[in-house]
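Summary of structural features
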Amino acid sequence: MNPSVTVRGLTKRYGRTVVLDGLDLDFGRGVTGLLGPNGAGKTTLLRGLATTLAFDRGRVRALGLDPADREQRTRLRRRLGYLPQDPGFYPHFTLVELVDYMAILKEMTDRRARHREVRRVLEEVGLSDRATTKVRKLSGGMKRRLALAQALIGEPDLLILDEPTAGLDPGQRLRFRALISRLGESRTVLLSTHQTEDVAALCERVIVLSQGRAVFQGSPGQLAGAAAGQVWICQDPPEGSALFWRAADGRYRTVGPRPRGGTPADPTIEDGYLLLLGEPARAAA
Ligand SMILES: Nc1ncnc2c1ncn2[C@@H]1O[C@H](COP(=O)(O)OP(=O)(O)OP(=O)(O)O)[C@@H](O)[C@H]1O
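Residues numbered from 1 in each chain as written. Predicted model: local features only at pLDDT ≥ 70, side-chain atom pairs only at ≥ 80, totals over all residues.

- If you look the protein up in an unreviewed UniProt entry, it shows as ABC-2 type transport system ATP-binding protein from Sphaerisporangium siamense.
- Looking at the protein in UniProt, the text filed under Sequence similarities (unreviewed entry) is "Belongs to the ABC transporter superfamily." (UniProt positions renumbered as here; feature names shortened; annotations may be inferred.)

1. What about the site of the ligand?
- Near the ligand, the surroundings consist of Tyr14, Thr17, Val19, Gly36, Asn38, Gly39, Ala40, Gly41, Lys42, Thr43 and Thr44.
- Where the shell around the ligand is concerned, the elements lending two or more residues are β2 (17-27) and α1 (42-49).
- Sort the elements by how many residues they give to the shell around the ligand and α1 lands first, with three residues.
- Of the residues belonging to the shell around the ligand, the class tally is three nonpolar, seven polar and one charged. (Near = placed C-beta within 6 Å. Helix = DSSP H or I, 4+ residues; strand = E, 2+ residues; numbered from the N terminus. Nonpolar A, V, L, I, M, F, W, Y, C, P; charged D, E, K, R; others polar.)

2. Topic: the UniProt feature "domain: ABC transporter" (unreviewed entry) in the protein
- In this structure's numbering, the residues bearing the UniProt feature "domain: ABC transporter" (unreviewed entry) are residues 5-236.
- Secondary structure over residues 5-236 splits into 35% helix and 27% strand, and the C-alpha atoms at its two ends are 48 Å apart.

3. Some thoughts on the sheet that holds strand β6 (residues 158-162)
- The sheet built from six strands is open, its strands ordered β5-β6-β7-β3-β8-β9 with mixed pairing. The open sheet is flanked by β5 (80-83) and β9 (213-218), the only strands paired with a single partner. Pairs of neighbouring strands in the sheet enclose a mean axial angle of 15 degrees, with direction left out of account.
- Of the pairings in the sheet, the one linking β5 to β6 comprises four bridges and is parallel in character. If you follow Leu83 over to β6, its bridge partner there is Leu161. (Pairing = 2+ DSSP bridges. Axes fitted to C-alpha atoms, helices over the stretch in contact; angles between N-to-C directions.)

What follows is the structure in structure tokens.
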């Protein structure tokens, strides 16, 4: 892999709280998923890579550019699209006005080309029929789609998406997955999510962040493989396991040491993730 983004020793503190703790990462073209528990530092990392926040220490190279250098940061901004966790759009703008305004901020000065681009990105996210609706009248899922639309302006080489599928209905989630995987064919896409299904469906690479460090970097298959031989199905609630749940077929699923009467099951990404973060041990404590 020839990485489009390289991160070395990245550190960010808020007061005494260390949020990113000497983070090292590499990822390249295609879709990379960023998983991690609440507060792991995902949004902080994405904000930094999107150049809206300065890190305290460490080095980033994105598309061959150094965001710590003012001139290179401007060049990088021209080539990146960012979907923030909470975009906070102007509520009284219509969708078309808002996306047009974002396109102006992205230095699209040719009016006709800009209007074409605004129509294109609204079409991409299925919001063309809402073009003249005011932002404040959108549902949560529609606002998410609008947030993706503005990130797509100008066909950026690097897309940084903070929980792009949060709040989407199943049909839209599928549509988003198709769009994001298509974008990943020719660009570098980094997306954070709490949905392991999204990672399985979309990502060729996954990074797990915990307490500001990357505790896993590899393929989704490798993450699932980390739980091989540690996932069990039982007919009855497993004795001695603190973390188990009843599946739809009425049997019990557990991750960790083999419970009495447990038969092995195929591990999923979620199993690998839970084990990696020590969730079974935490539940037992
Ligand atoms: N502006 C800020 N000032 C102070 N602390 C902050 C600020 N932004 C984030 N934090 C803290 O930094 C830590 C990491 O937050 P961050 O939003 O990056 O986590 P996250 O992995 O994206 O979490 P989530 O999955 O809940 O979105 C948290 O402890 C959070 O409270």
